[in-house]
Amino acid sequence: MAETTASKHLSSTNGGNIITDIKNLSSLLKTRTTVTFAYGFMLAFVAFTIFLAFSPSPNSSSPWFTNIFSSSASTSTASPDSSIFSYLLPNNTPTTTTTPRGQGHDSSSLPSQNTTRINNTLSQSPNTKAEAKVPPGVKNLTQSTVLQPHQTASSSIVNKEPDFANNQTQTAPNSNEGQVLKPNQTTVAVPSTTQLAANQSGNTPTKSGPFVKKNSGDQEKGDAVKSVASNFTASYLKKQSNVTKQSNETDSGVDVKQGIDDLVNCDFFDGKWVKDDSYPLYKPGSCSLIDEQFNCILNGRPDKDYQKYKWKPKGCTLPRLNPGHMLDMLRGKRLVFVGDSLNRNMWESLVCILKSSVKDQSKVFEVNGRLHFRGEASYSFVFKDYNCTVEFFVSPFLVQEWELPEKDGSKKETLRLDLVGRSSSQYKDADVIVFNTGHWWTHDKTSKGKDYYQEGSHVYGELNVLEAFRKALTTWARWVDANVNPTKSLVLFRGYSASHFSGGQWNSGGQCDSEVEPIKNVTYLREYPPKMLVLEKVLRNMKTHVRYLNVTQMTDFRKDGHPSVYRKQNLSPVERKSPLLFQDCSHWCLPGVPDAWNEILYAELLVNEKKKQQTQKRQ
């Protein structure tokens with residue numbers, strides 16, 4: 001009985017387990033079937049996708065597939081990375097640089113930009129600001145850069161005319177950054193452009209291809225290119241080219257305000273002389289006030305090229321002196337020159353320039369007859385229509401020449417290093433004052449410094465000329481600080497004007513009569529005069545801001561500009577015998593070099609007016 005019950009229980013138990021196992025096996029088989037089906041479906045989908053990737057539908061009704069894979073359909077050699085990932089992950093696209101024929105890569109990297117591709121071109125944003133660059137020789141052709149496969153909008157700009165096929169449409173990269181034009185460029189809103197990127201380096205592509213450095217010329221903002229146009233006519237391009245040309249011709253003097261910002265921080269005295277046939281600023285022989293010793297044409301000088309040079313600073317372009325505009329700026333004012341005969345050279349030059357623009361010459365006249373005598377004198381020309389004067393005060397040392405009584409009743413000539421010139425009270429209220437000194441400090445008496453320099457009642461038995469020069473300039477500087485109102489008066493100091501005596505000095509047969517063109521190699525220029533180093537130190541220690549007209553180097557180039565033997569018409573019997581022994585290689589022919597000094601003075605007045613306007617706006 002017990003055995004029968006046990007066998008039944010065992011059979012019951014075993015039978016139950018088999019049934020359970022069969023059920024579990026059936027459930028497992030169902031799960032594997034589902035997984036197998038899922039894997040099979042996924043493999044089929046991937047295979048279908050791969051098929052579409054290599055065989056995109058040409059049907060225009062399937063734009064989505066076409067646009068996804070269209071980047072691989074370029075005319076140029078495709079990159080091995082061309083795939084759907086270049087569409088799905090645009091920011092991971094490597095940046096490439098398009099290099100024009102015969103030109104290396106631009107070292108500057110431009111910022112990447114997101115773009116919308118339509119029919120293998122980049123559409124240009126209406127708000128984009130671009131530089132107008134029309135490659136030469138292209139007419140009726142819309143141009144810009146065609147992107148190569150995988151080239152992004154951050155690619156470097158092509159700055160030479162690309163090897164485009166005729167009638168090929170090209171557009172520029174999209175950008176939301178406005179572009180500030182480089183100096184001396186004019187913006188033309190022409191859609192056919194190659195757009196500059198926002199963070200481009202300081203190199204400017206030119207029509208001819210190579211990059212050039214920035215200059216400190218005029219700057220203008222580019223107009224926005226509002227739409228992409230085509231078929232611009234050659235006449236329109238020619239008109240825009242003429243506009244650009246006119247904007248670069250700052251010498252015309254039509255708009256003297258143009259480029260004043262560039263003059264503010266420009267070093268006017270670091271530059272070179274350039275030939276310009278539009279010079280001189282006034283007709284030779286037309287100004288009767290020029291001293292005989294400066295009137296080289298009247299005295300028979302045959303060559304004329306020395307009159308046709310313009311001074312060109314490296315960092316800017318000096319505006320051509322507009323005499324009518326300068327007279328307007330001087331209306332109701334006094335402009336005064338104080339110094340030696342080199343400042344008289346400059347004064348006569350300016351009067352001749354300004355006088356040439358006045359229609360009624362009877363309204364320009366000298367107040368007092370010109371007196372020539374040793375000591376301090378003054379001369380003044382009045383421009384009646386403008387109620388202004390241009391004056392000159394003789395003061396070759398800026399301090400007083402003195403006479404000290406001797407025991408025997410004679411008088412000893414000295415130089416009072418502690419007393420400013422006698423005429424100083426007459427010009428301390430002038431609106432513009434141009435000082436100079438230097439040449440008389442090279443004469444025998446001053447250079448030797450024996451029993452000549454005096455302070456108070458003390459006469460130095462011997463004093464180094466540089467120390468005497470420093471003492472005299474310090475006296476002058478203290479007087480300016482105490483007597484000249486810097487809010488009313490513009491004070492300038494013109495530096496040493498170079499001489500070119502060869503084979504001797506001014507009083508020992510020095511010559512320059514064979515010089516007919518400027519020095520062109522800076523290695524032949526002389527060292528900077530120690531006296532001007534003394535002057536610079538004095539100017540730095542002044543309370544009053546004095547503009548330093550450092551003409552030393554610019555005049556050193558001009559060995560051709562002196563009167564030399566053409567300093568007078570009628571020679572004395574001694575001079576006739578040895579004319580080459582009596583030459584002037586210190587002063588300058590007029591028209592000539594001092595005209596350039598006055599163009600710099602004109603630029604200084606423009607800058608001063610600009611700063612005054614800025615100060616008034618801030619107040």
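See above for the structure.
Fair warning: this is a prediction, and the values are worked out from it, not measured in the lab. (Residues numbered from 1 in each chain as written. Predicted model: local features only at pLDDT ≥ 70, side-chain atom pairs only at ≥ 80, totals over all residues. Heavy atoms only, no water.)

### What to know about the packing of aromatic side chains
Spelled out, the test is: Stacked, tilted and edge-to-face are the three classes assigned to paired rings of Phe, Tyr and Trp, where Trp is represented by its six-membered ring and a pair needs centres within 6.5 Å; plane angles under 30 degrees give stacked, over 60 edge-to-face, the rest tilted. Helix numbers and strand numbers start at the N terminus; a helix is a DSSP run of H or I with at least 4 residues, a strand a run of E with at least 2. Each residue is placed in one exposure class: buried if its accessible area under a 1.4 Å probe, protein chains only, is under 20% of its type's maximum, exposed if it is over 50%, and partly exposed if it falls in between. By definition, being over a ring means that NZ of Lys or CZ of Arg is both within 6 Å of the ring centre and within 35 degrees of the ring normal.
Within the structure shown, the criterion is met by 17 aromatic pairs. Between the aromatic rings of tryptophan 347 and phenylalanine 392, the centroid separation amounts to 5.8 Å while the plane-to-plane angle is 25°, which identifies the pairing as stacked. Remark: phenylalanine 392 occurs in strand E10 (residues 388–394) and tryptophan 347 occurs in helix H7 (residues 341–355); sequence separation between them is 45 residues. Judged on exposure class, the residue tryptophan 347 and its partner phenylalanine 392 are both buried. Taking 5.2 Å as the distance between ring centres and 75° as the angle between the ring planes, the aromatic pair formed by phenylalanine 435 and tryptophan 476 counts as edge-to-face. Taken together, the positions of phenylalanine 435 in strand E13 (residues 432–435) and tryptophan 476 in helix H10 (residues 465–483) put the pair 41 residues apart, joining distant regions of the chain. Exposure remark for tryptophan 476: the relative accessible area of 1% places this residue in the buried category. Cluster of aromatic residues (ring-pair linked, three or more members): Phe393, Tyr427, Phe435, Trp476, Trp479 and Phe493. Just above the ring of tyrosine 306 sits the side chain of arginine 301; from NZ or CZ to the centre is 4.0 Å. Positioned above the aromatic ring of tryptophan 402 is the side chain of arginine 416, whose terminal nitrogen or guanidinium carbon lies 4.7 Å from the ring centre.

### Some points on unusual backbone geometry
Cis geometry marks the peptide bond from tyrosine 279 to proline 280, where omega comes out at 10°. The linkage connecting leucine 590 with the following residue, proline 591, adopts the cis geometry, with an omega of -5°. Within the fold, proline 591 resides in the loop between helix H13 (573–577) and helix H14 (593–618). The phi dihedral of asparagine 387 falls on the positive side, at around 50°, and the residue is not glycine. Tracing the chain through its elements places asparagine 387 in the loop between strand E9 (378–383) and E10. When its relative accessible area of 60% is taken as the criterion, asparagine 387 is described as exposed.

### Quick notes on the pattern of salt bridges
Using the following cut-off: Only one rule defines a salt bridge in this text: a Lys or Arg side-chain nitrogen within 4 Å of an Asp or Glu carboxyl oxygen.
A complete count under the given rule lists 22 salt bridges for this structure. Across the salt bridge formed by aspartate 303 and arginine 301, the nearest N and O atoms sit 2.9 Å from each other. The exposure class assigned to aspartate 303 is partly exposed, which follows from its relative accessible area of 22%. Here the salt bridges do not stand alone but share partners, grouping Asp291, Arg344 and Glu348 into one network.

### Concerning the nonpolar core
Definition in use: Take the buried Ala, Val, Leu, Ile, Met, Phe, Trp, Tyr and Cys residues and link them wherever side-chain atoms come within 4.5 Å; each set so joined is a nonpolar core. Residues count as neighbours in contact if any of their non-hydrogen atoms are within 4.5 Å of one another.
In terms of nonpolar packing, the biggest core is built from 65 residues, with Phe268, Met326, Phe337 and Phe383 touching the most fellow members. Of all the elements, H14 adds the most residues to this core, at 10 residues. Other than its neighbours up to four places away in sequence, phenylalanine 337 contacts Asn343, Met346, Trp347, Leu350, Val390, Glu391, Phe392, Phe393, Val434, Asn598 and Leu601.

### Things to note about the state of the cysteines
Selection rule: The disulfide criterion used throughout: a pair of cysteine sulfur atoms within 2.5 Å.
Considering all chains together, one arrives at 4 disulfides under this definition. Across the disulfide from cysteine 266 sits cysteine 316; the S-S distance is 2.1 Å. The sign of the -80° torsion about the S-S bond sets the cysteine 266-cysteine 316 disulfide as left-handed. Residue cysteine 266 is located in the loop between helix H5 (260–264) and strand E5 (271–275), and its partner cysteine 316 is located in the loop between strand E6 (309–313) and helix H6 (323–329); the two are separated by 50 residues in the primary sequence. Look at cysteine 316 and you get buried, because its relative accessible area is 4%. Residue cysteine 512 pairs covalently with cysteine 585 via a disulfide, S to S 2.1 Å. Judged by the sign of its S-S torsion, about -100°, the cystine formed by cysteine 512 and cysteine 585 is left-handed. Residue cysteine 512 is located in the loop between strand E16 (490–494) and helix H11 (530–540), and its partner cysteine 585 is located in the loop between H13 and H14; the two are separated by 73 residues in the primary sequence. Each bonded cysteine of the protein is numbered by sequence order, and under that numbering the disulfide pairs are 1-4, 2-5, 3-8, 6-7.

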